[in-house]
Protein chains: 2
Amino acid sequence: MNSPQSSTAITSPIPARLLQLRQAMQKHGIHAYIIPSADPHLSEYLPERWEGRSYFSGFTGSAGTLVVTANFAGLWVDSRYWSQAEKELAPTGIQMMKIASAAATAHIDWLAQHVEQGQTVGVDGMVLGLATARLLATALHAKKIQLDTGNDLLQNIWPNRPDLPEAPIVEHLPPFAVISRQDKLSLIREAMRSKGADWHFVSTVDDIAWIFNLRGSDVSYNPVFISHALIGLNKATLFVSPAKINANLQAVLASDGINIVRYQDAQTALRNLPAEARLLIDPRRITHGFSQAVPASVQVIEAINPSVFAKSRKHPQEIQFVREAMEQDGAALCEFFSWLESVSGKETITEITIDEQICAARARQPHYISPSFGTIAGFNGNGAMPHYRATKESHAIIEGNGLLLIDSGGQYLNGTTDITRVVPIGEVSSEQKRDFTLILKGMINLSQMRFPRGTFSPMLDSIARAPIWAEGINYGHGTGHGVGYFLNVHEGPQSISGAMAEPHTAMEVGMITSNEPGIYRPGQWGVRIENLLLNTPSLQTEFGEYLEFETLTLCPIDTRCILTELLRDDEIAWLNHYHATVLKRLSARVSGTAKAWLIERTLPIAR
Amino acid sequence: MNSPQSSTAITSPIPARLLQLRQAMQKHGIHAYIIPSADPHLSEYLPERWEGRSYFSGFTGSAGTLVVTANFAGLWVDSRYWSQAEKELAPTGIQMMKIASAAATAHIDWLAQHVEQGQTVGVDGMVLGLATARLLATALHAKKIQLDTGNDLLQNIWPNRPDLPEAPIVEHLPPFAVISRQDKLSLIREAMRSKGADWHFVSTVDDIAWIFNLRGSDVSYNPVFISHALIGLNKATLFVSPAKINANLQAVLASDGINIVRYQDAQTALRNLPAEARLLIDPRRITHGFSQAVPASVQVIEAINPSVFAKSRKHPQEIQFVREAMEQDGAALCEFFSWLESVSGKETITEITIDEQICAARARQPHYISPSFGTIAGFNGNGAMPHYRATKESHAIIEGNGLLLIDSGGQYLNGTTDITRVVPIGEVSSEQKRDFTLILKGMINLSQMRFPRGTFSPMLDSIARAPIWAEGINYGHGTGHGVGYFLNVHEGPQSISGAMAEPHTAMEVGMITSNEPGIYRPGQWGVRIENLLLNTPSLQTEFGEYLEFETLTLCPIDTRCILTELLRDDEIAWLNHYHATVLKRLSARVSGTAKAWLIERTLPIAR
């Protein structure tokens, strides 16, 4: 059950902070100020230094946009966060503005409607994506509203604003690093040539980590480090604090034609590009601020970062390592779930304990580095918040009856995992079983799909949703996101989702994508079942090349929550075959109670 | 069976025409010239004057792009036309370049790769869409290739190039014209204001016909007339040959604040816009040439033409008229199909006879105006060409065994129809029945979908394809296109298709969309089943507003081609319910052999 009040409710410094922001706005002649959830690298997980949206709104979710005017403050947030935002914003007076998806630009429309002609909208161009900046400029321009991207108002009104993180950078080494740094650079340069570019600027930190086979720990969960990169046809510069890279590694990089320059010199390097340069940038992966630094004489070629495609198609050896990581992860989950069943009803378990125990189980596995994101352990009503995070101040005790939703994952040197399971606590109602079974049907339908190579990933979204759409049910998040290889748990370009933010989403062999439909009943319960899927070659016919999915995730799906009569024969067959595979692949890696649990939870079902 | 050779094979003037084009290119310093299938209105059906692509290539399909260099000539064409293009290009030496969809820009990539740095690509900007022009410019610019949009090379080397059509313009009158001209103009102006525009320029002829409740016959099948429109906040100008509009109609239009100006003065009107004007244009629906005429001082606001949205959502009274048109159309088809069955095997019937008979049957119905597109009657191998058109010189006799595919439609004052059926001739093989049944499954799956209001129409595409994808089969055209109300049989913005050319594709109540999956086995047979679907309100739940489809088309689906064992129970139930509806709605409108046929062909099926 939730504790009566959340921490922010006790004393909220937010109104005072907004007052300072409004004073700064007035000083700079800005009538509306936007604080996006973004940094100069357009990352999902931000270093504290760029968590201004959270500092000024009190909303701690990973996505949301704050807009402040003289007499209004609103936070635009998608349905994953509605419940959480409602709680966290309550004491602040900030209005929650509901949007359909994180990709939506509703706040831009709001600004165009509410800011008066001749007034000025401000935003720090250094943390504003170029593509977004263009949408904003067009919308405001049409209403004769000014756009000021030159001011970081937070700088002077945010006391002891955190500095940049200084965590050391390490190499991702063989055997787990399958493709060499040189090979990756040649591949990028080949793509640059094919587009007529001789320079390529990269700001996205997962692209940089992948290209250079380097990893860091500057932010939570994603093994990346804050940096930019400028890649020429025969040399490359990494803009990163030199203190993060020891002498040996600096030498290794130098021998690969990579020199290290201070992080803050990246803009200058762009300003100093040769007048004749032809620069490849990705308007979705570079900020407006950095694009402004490019000299007018430079010919800018806009295209998706070549590394985004390259890293999405895992190498066959990487895939072999991932299959092993999935067995390790599955074994850890057997230990965790068997422990959970053994103690539930006997000991007091909270959502916090769940997090500790699941991380501990993974930590006992080889090559484990960290969680791949903050564990989501939500009991009943908390499970209805897709991105719920239990805190010391606000969390539920696992007792009584209902559904426990657990979404968690691990970073291993040999892969990144992300899995969601829902388990019964005490009695489970038939409504809860019905939701569970409908979601299972959608998850199975997508797992069973065969489709032409190159199919736009968004086209597959409706396959997972059809069974719940038929009942007038839907969920506000995508069905699937790409997953990195010991890298970000959310990576592009493919996305099984209606948002279609990224136009480059063709399904190709080697891509790893999540399959996670869900049903969320605010205040009651949430159901989500998530496996990771690998795109593998299937039929080759007169009509072309076809792909199918290999389910990578190995963990039982709790059959005690299923209403068998809602499943088709082929769906039951899929589930039994999946459980047989899980049993076969995991048996050798577990023992004792964990093994007994694995055997029991993978028993076939029938009508 | 096809006659041994097609007309173009006898004597092809194409090489001589290409020679003249190449001489003109040399004279203007153009190294590669593009001839798109387009006119200044970006229409699908072109007045002869703008059928340059067909004149210089010999390819008569409705979509294709010709690119000519000194030593190469290629026609980029999507899979609907591969068989047809192969035939028609054979004698010309022009290479067929296969592309996935009509929306593809493969020819642009080809130009970027094959034209040398410093050379010039030419195209007539007056028939090049602004959005396409931008893609082209970006791609060529990146390779330092020049783009020349100022030359219509065809003008001087096309002897007796046809003039503009001069067909008279008539009013679309009540009761069938449900929304008045004034109301439509206010609606457009409201949309203009909401976008901050005080002027709106329209080039797309179906938008113009809809806004002004006018119809014409300048092109085949689409009841439109060649014109542009410039809409201000309290007056509007129609750029059209005054000779087309009689005095009475001119007076009616004048009383609605619409003045008529010569067609060729449209560009001048743009040039003379007030310096302070804020002009709304749709980059997908205006040509580069016209956009160039806009003075630099004018503030251009880019958005989809408001009329595209407005006309896609049919008014309840329009829908009632369409339901009646569907009954008329269904009755005509009963007469046609019963005739076909009565004579087949007895008289000699060709694909041409089919066209004549089906048009004659429709012509006997009230409010009939014309076919809504050229009848596609394809027997066996010809049915494998999705846009096949039988000609005097090349057509098949309906004899022996196989499948006859008939795709046809009518323009009525009370609606536009478009239907495809496949009927058995003699013996039908089990492979043919299998294809027929798989397509039927996809068609039924989509017909049965329920989905949230606002779902992107492309997301529904995979629902119709899943049953054939599972078998490694696919089709190269979209699953569904929007359909007009006594207007174009292909109208936007929605499109159930993987191409996703148009970003504005949210499904809304009142939209009419085709549902037409197909299987094409070159040289063997083709199967396509097409109904028109209406978006209607469905459930309203805590998760939002849901839509479902009402099948508008009323005509039996030939159950003699079905392998019942491939159908699920719900699919059989859908088909039997559909046939019961068809029988109920059409009985009163047919008699004699037609009625007997209707009764027999709507009998329920069972395992």
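Residues numbered from 1 in each chain as written. Chains lettered and ligands numbered in written order. Predicted model: local features only at pLDDT ≥ 70, side-chain atom pairs only at ≥ 80, totals over all residues. Heavy atoms only, no water.

Caption draft 1: Representation of the relation of the copies chain A and chain B in the model. For these two chains of identical sequence, chain A goes onto chain B by a turn of 180° and a shift of 0.0 Å along the axis, with RMSD 0.0 Å. Accordingly, the operation relating the two chain copies is best matched by a two-fold axis. For chain A, the smallest separation between a C-alpha atom and the rotation axis is recorded for Met459 of chain A, amounting to 2.5 Å. Looking at chain A, 98% of its interface residues are interface residues in chain B too, so the copies touch through the same face. (Least-squares fit on C-alpha atoms with pLDDT ≥ 70 in both. Contact = heavy atoms within 4.5 Å.)

Caption draft 2: Summary view of the interface of chain A and chain B. The partner chain B presents 41 residues to the 42 residues of chain A that form the contact. Taken over both partners, the interface formed by chain A and chain B buries close to 3,300 Å², and the fraction arising from carbon and sulfur atoms is 60%. Considering only the surface of chain A that becomes buried against chain B, Met459, Trp469 and Phe543 of chain A emerge as the three largest contributors, covering 20% of it. At the boundary of chain A and chain B, one finds two salt bridges. The partner of Arg521 of chain A in a salt bridge is Glu542 of chain B, and the shortest N-O contact between them spans 2.9 Å. The biggest single contributor to the side of chain A that touches chain B is helix α17 (residues 461-469) of chain A, with five residues. (Buried area = accessible area lost by both parts, 1.4 Å probe. Salt bridge = Lys/Arg side-chain N within 4 Å of Asp/Glu carboxyl O. Helix = DSSP H or I, 4+ residues; strand = E, 2+ residues; numbered from the N terminus.)

Caption draft 3: Representation of the sheet that holds strand β6 (residues 146-148) of chain A. All names here are of chain A. Read across the sheet, six strands follow the order β4-β3-β2-β1-β5-β6 without closing on themselves; strand pairing throughout is mixed. At either end of the open sheet lies a strand with only one pairing partner, and these are β4 (95-99) and β6. Adjacent strand axes in the sheet meet at a mean angle of 25° when their direction is disregarded. Inspection of the sheet shows strand β3 (residues 73-78) paired to β4 by five bridges, in the parallel sense. Looking at β4, one finds that Asp78 is bridged to Ile99. Contacts from helix α5 (residues 106-114) reach β1 (32-35), β2 (65-69), β3, β4 and β5 (120-123), with the element oriented near 15° to β2. (Pairing = 2+ DSSP bridges. Axes fitted to C-alpha atoms, helices over the stretch in contact; angles between N-to-C directions.)

Caption draft 4: Examining the pattern of salt bridges more closely. Taken as a whole, this structure holds 72 salt bridges over all chains when the rule is applied. Taking the shortest distance from any N to any O, the salt bridge between Asp152 of chain B and Arg161 of chain B comes out at 3.0 Å. Classification of Arg161 of chain B by relative accessible area gives buried; the value is 11%. For the salt bridge of Lys311 of chain B with Glu491 of chain B, the shortest nitrogen-to-oxygen distance reads 4.0 Å. You can see Lys311 of chain B sitting in helix α13 (residues 306-312) and its partner Glu491 of chain B sitting in strand β23 (residues 491-496), a full 180 residues away along the chain. For Glu491 of chain B, a relative accessible area of 6% corresponds to the buried category. One continuous salt-bridge network, built from bridges that share partners, spans Asp206, Asp207, Lys311, Lys314 and Glu491 of chain A. (Buried < 20%, exposed > 50% of the residue type's maximum accessible area, 1.4 Å probe, protein only.)

Caption draft 5: Just the side chain of Arg528 of chain B, in detail. All names here are of chain B. Here Arg528 is to be found in strand β26 (residues 525-528). A distance of 3.5 Å separates a polar atom in the side chain of Arg528 from the backbone oxygen of Pro386. A distance of 2.7 Å separates the side chain of Arg528 from the side chain of Asp407, its partner in a polar contact. (Polar contact = N/O pair within 3.5 Å; in protein donor to acceptor, adjacent residues only side chain to side chain.)

Caption draft 6: Main features of the sheet that holds strand β19 (residues 415-416) of chain A. Residue and element names in this part refer to chain A. If you walk across this open sheet you meet the three strands as β15-β18-β19, and the pairing is antiparallel. Edge positions in the sheet fall to β15 (368-371) and β19, since each has one partner strand and no second. Relative to β19, strand β18 (residues 410-412) runs antiparallel, the two being bridged by two bridges. Looking at the pairing, Tyr412 lines up with Gly415 of β19. On top of the sheet, helix α14 (residues 316-343) reaches β18 and β19; it is set at about 135° to β18, its chief contact. Each of β15 and β18 is contacted by helix α15 (residues 351-363), which is oriented at about 165° to β15, the strand it contacts most.

Caption draft 7: Broad picture of unusual backbone geometry. Omega for the peptide link from Gly492 of chain A to Pro493 of chain A comes to 0°, which places this bond in the cis form. As for its placement among the helices and strands, Pro493 of chain A is situated in strand β23 (residues 491-496). A positive phi is found at Tyr221 of chain A, a non-glycine position, where the angle reads about 70°. Here Tyr221 of chain A shows up in the loop between β9 (214-215) and β10 (228-232). Positive phi, normally seen in glycine, also occurs at Asn380 of chain B, with a value near 50°. Within the secondary structure, Asn380 of chain B is located in the loop between β16 (376-379) and β17 (402-408).

Caption draft 8: Structural detail: the packing of aromatic side chains. Counting across every chain of the model gives 32 aromatic pairs over all chains. Taken together, a centroid distance of 5.6 Å and an interplanar angle of 75° make the contact between Tyr368 of chain A and Tyr412 of chain A edge-to-face. Here Tyr368 of chain A is found in strand β15, whereas its partner Tyr412 of chain A is found in strand β18, with 44 residues between them in sequence. Of the residues examined, Tyr368 of chain A reaches a relative accessible area of 18% and is grouped as buried. In this structure Tyr412 of chain A comes out as buried when scored by relative accessible area, which is 0%. Plain terms: the ring middles of Trp76 of chain B and Trp110 of chain B are 5.5 Å apart, the flat faces sit at 65° to each other, and that makes the pair edge-to-face. Residue Trp76 of chain B is located in strand β3 (residues 73-78), and its partner Trp110 of chain B is located in helix α5 (residues 106-114); the two are separated by 34 residues in the primary sequence. (Phe/Tyr/Trp six-rings, centres within 6.5 Å; stacked < 30°, edge-to-face > 60°.)

Caption draft 9: Main features of α5 of chain B. Listed as buried for α5 of chain B are His107, Ile108, Trp110, Leu111 and Ala112 of chain B. As for α5 of chain B, its buried residues are in contact with β1 (32-35), β2 (65-69), β3, β4 (95-99), β5 (120-123) and α6 (130-142) of chain B.

Caption draft 10: Local environment of the pairing of β2 of chain A. Residue and element names in this part refer to chain A. In terms of burial, β2 is largely enclosed, as five of its five residues are buried. Side-chain alternation along β2 places Thr65, Val67 and Thr69 on one buried face and Leu66 and Val68 on a second face that is also buried. Here β1 pairs with β2 via four bridges, running antiparallel. Among the inter-strand pairings, Ile35 is bridged to a residue of β2, identified as Leu66. Bridging between β2 and β3 involves four bridges; their strand directions are antiparallel. Bridge pairing links Val67 to Gly74 in β3.

Caption draft 11: Representation of the packing of helix α16 (residues 430-447) of chain A against helix α18 (residues 569-586) of chain A. Residues and elements named next belong to chain A. It is the contact of α16 with α18, at a shortest axis distance of 10 Å, that shows an interaxial angle of 80°. Judged by the inter-axis angle, α16 sits roughly perpendicular to α18. On α18, the residues that touch Leu440, Lys441, Met443, Ile444, Asn445 and Ser447 of α16 are Glu571, Trp574 and Leu575. By residue class, the composition of the contact of α16 with α18 is five nonpolar, two polar and two charged. (Parallel < 35°, antiparallel > 145°, perpendicular 65-115°, else oblique. Nonpolar A, V, L, I, M, F, W, Y, C, P; charged D, E, K, R; others polar.)

Caption draft 12: Broad picture of the side chain of Ser57 of chain B. All names here are of chain B. Among the structural elements, Ser57 can be located in helix α3 (residues 52-57). Polar contacts involving the side chain of Ser57 include one to the main-chain carbonyl oxygen of Arg53, which spans 2.5 Å. If sequence neighbours within four positions are ignored, Ser57 has contacts with Ile14, Leu66, Leu75, Leu89, Thr92 and Ile94.

Caption draft 13: Quick peek at the state of the cysteines. Tallied over the entire structure, the rule returns zero disulfides over all chains. Looking at Cys334 of chain A, it has no disulfide partner, and the nearest cysteine sulfur is the one in Cys555 of chain A, 6.1 Å off. (Disulfide = S-S within 2.5 Å.)

Caption draft 14: Here's a closer look at the environment of Pro165 of chain B. All names here are of chain B. Note that Pro165 resides in the loop between α7 (154-157) and β7 (170-171). Relative accessible area serves as the criterion here: at 18%, Pro165 is assigned to the buried category. For Pro165 and Ile226, which are 61 residues apart along the polypeptide, the C-alpha to C-alpha distance reads 7.8 Å. Beyond its immediate sequence surroundings of up to four residues, Pro165 is in contact with Pro47, Asp218, Ile226 and Lys244.

Caption draft 15: Molecular detail of helix α10 (residues 247-255) of chain A. Among the residues of α10 of chain A, the N-terminal cap falls to Asn246 of chain A, whose side-chain oxygen and the backbone nitrogen of Asn248 of chain A are separated by 3.1 Å. Of the residues one or two after α10 of chain A, Gly257 of chain A is the one with positive phi, at around 75°.

Caption draft 16: Molecular detail of the confidence of the model for chain A. All names here are of chain A. Across chain A, the average pLDDT comes to 94, with 97% of residues at or above 70. Across residues 1-10, where pLDDT falls below 50, the model places 19 contacts with residues more than four positions away in sequence or in other chains. For this predicted complex, the interface confidence comes out at an ipTM of 0.90, alongside a pTM of 0.92. (pLDDT = per-residue confidence, 0-100.)

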